Amino acid sequence: MVLSANQPAPDFTLADETGAMRSLSEFRGKPVVLYFYPKDDTPGCTTEACNFRDDYHVYAENGVVILGVSPDSPKSHAKFKAKYNLPFTLLADENHRVCEMYGVWGRKKFMGREYDGVFRTTFLIDPQGMIVKVWEGVKPEGHSQEVLEALRDWQGASA
């Protein structure tokens, strides 16, 4: 079951695209957009990542950290990041431990085939590490705008 708003975001440590180990807790004090996606360099995942990239200046101006997580390797993340000039951190959850912790790993169907994989899901986490909002079944096109809108609403409410 996917974690919900008003719960603490579980801490974790994963390798980033350079192989360096990064923990969610190192970003305490800043809002975090933690987004889970199925696979590097596939159409939907590329659209979603490029939308975050194109809006990145707005996130950065507001002190928001973006972290993308998929089961791909650090090497795959490095290629994906370089190919599309992605300015944010990608984390490798190769054994899908963190995906399972957040409830975004499970049985999927595609073209009559069943397999285990990542449910495209985004979490907005406040500076204290609490989940503010969750988007399940994310449609990649325009998702960054949805997140920015929620950030504006949340920041307005918490100001």
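One structure accompanies this document, and this report is about it. It should be emphasised that the depicted structure is a prediction, and the values quoted were computed from it without experimental measurement.

With 23 residues, the main nonpolar core has Val33, Tyr35, Phe52, Tyr59, Phe88 and Leu151 as its most contacted residues. Those elements that place two or more of their residues in this core are strand 3 (32-36), helix 1 (43-54), helix 3 (74-84) and helix 5 (143-158). If one sorts the elements of this core by residue count, helix 5 sits on top with 5 residues. Apart from residues lying up to four places away in sequence, phenylalanine 88 is in contact with Tyr35, Ala49, Phe52, Arg53, Tyr56, Ile66 and Lys81. Listed in part, the 22 residues of the second largest apolar core include Leu3, Leu34, Tyr102 and Ile131.

Before going further, it helps to examine the layout of surface pockets. In this structure, the largest pocket occupies an estimated 250 Å³ of space. If you go around the largest pocket, the residues you meet are Pro38, Pro71, Trp105, Lys108, Lys109, Phe110, Tyr115, Asp116, Gly117 and Val118. For the lining of the largest pocket, the secondary-structure elements that each account for two or more residues are strand 6 (105-110) and strand 7 (113-118). Along the lines of polarity and charge, the residues of the lining of the largest pocket split into 6 nonpolar, 1 polar and 3 charged.

Looking at where proline 31 falls in the secondary structure, it is placed in the loop between strand 2 (21-23) and strand 3. For the pair proline 31 and leucine 151, spaced 120 residues apart in sequence, the C-alpha separation works out to 9.0 Å. Those residues in contact with proline 31, other than ones at most four positions away along the chain, are Gly63, Val64, Val65, Ile125, Asp126, Pro127, Trp154 and Gln155.

Cut-offs used in this document
- Residues numbered from 1 in each chain as written.
- Predicted model: local features only at pLDDT ≥ 70, side-chain atom pairs only at ≥ 80, totals over all residues.
- Heavy atoms only, no water.
- Core = buried A, V, L, I, M, F, W, Y, C linked by side-chain atoms within 4.5 Å.
- Buried < 20%, exposed > 50% of the residue type's maximum accessible area, 1.4 Å probe, protein only.
- Helix = DSSP H or I, 4+ residues; strand = E, 2+ residues; numbered from the N terminus.
- Contact = heavy atoms within 4.5 Å.
- 1 Å grid on protein atoms, 1.4 Å probe; cavity = no way out; pocket = protein on both sides within 12 Å on 5 of 7 lines; lining within 4 Å.
- Points joined across faces, edges and corners; volume = space filled by probe spheres on them.
- Nonpolar A, V, L, I, M, F, W, Y, C, P; charged D, E, K, R; others polar.

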